[in-house]
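# Analysis of the macromolecular model
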Amino acid sequence: MNEDVLKKVQSNPKFKELVHKKTSLGWQLSIVMLVIYYGFTLVLAFSPSTLGAPLAPGMTMTVGIPVGILIILSAFVLTGLYVRKANGEFDQLNREIVEEAQK
């Protein structure tokens, strides 16, 4: 990459905005996922009977099964949120940065 283009990109306020937004969103989603996983682990460690309780009297399915499924689904949902944001706002900012750097 040309040094001049690199300097233009790095000094562009939109580039700094893009880096800040991507980093911020990445940390936010990571924290949410860690809270979900560690919350599940802590409940399992300190109150296993909570997740081991049947969904209804006489049922063999426990509370832990749907909770586990929701944890897995939450990872897909959070990934989808990131992809939606990346394909929309982040890609638009990236295009603007490239266009301005090529001038």
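About the thresholds
Residues numbered from 1 in each chain as written. Predicted model: local features only at pLDDT ≥ 70, side-chain atom pairs only at ≥ 80, totals over all residues. Heavy atoms only, no water. UniProt positions renumbered as here; feature names shortened; annotations may be inferred. Helix = DSSP H or I, 4+ residues; strand = E, 2+ residues; numbered from the N terminus. Expected span 1.5 Å × (residues − 1). Bend = angle between axes of the 7 residues up to and from the residue. Buried < 20%, exposed > 50% of the residue type's maximum accessible area, 1.4 Å probe, protein only. Contact = heavy atoms within 4.5 Å. Salt bridge = Lys/Arg side-chain N within 4 Å of Asp/Glu carboxyl O.

### Observations concerning the UniProt feature "transmembrane region" (unreviewed entry) in the chain
Within this structure's numbering, the places UniProt gives as "transmembrane region" (unreviewed entry) are residues 25–47 and 59–83. For residues 25–47, helix accounts for 96% and strand for 0%, while the C-alpha atoms at its two ends are 32 Å apart. Here residues 59–83 is 80% helix and 0% strand, with 38 Å between the C-alpha atoms at its ends.

### A closer look at helix H4 (residues 64–101)
Here H4 spans 52 Å end to end across 38 residues, near enough to the 56 Å set by a 1.5 Å rise per residue. Taking the largest bend as the criterion, H4 deviates by roughly 40°, centred on Ala-86. Along H4, the positions that sit buried rather than exposed are Gly-64, Ile-71, Ser-74, Leu-78, Ala-86, Phe-90, Leu-93, Ile-97 and Ala-101. In this structure, the buried side of H4 is in contact with helix H1 (3–11), helix H2 (13–46) and helix H3 (48–52).

### Description of the pattern of salt bridges
Considering all chains together, one arrives at five salt bridges under this definition. Glu-89 is paired through a salt bridge with Lys-21; the nearest N and O atoms lie 2.4 Å apart. Placement of Glu-89 in helix H4 and of Lys-21 in helix H2 is noted, with a sequence separation of 68 residues between them. Look at the salt bridges and you will find they share partners, linking Glu-17, Lys-21, Lys-85 and Glu-89 into a network.

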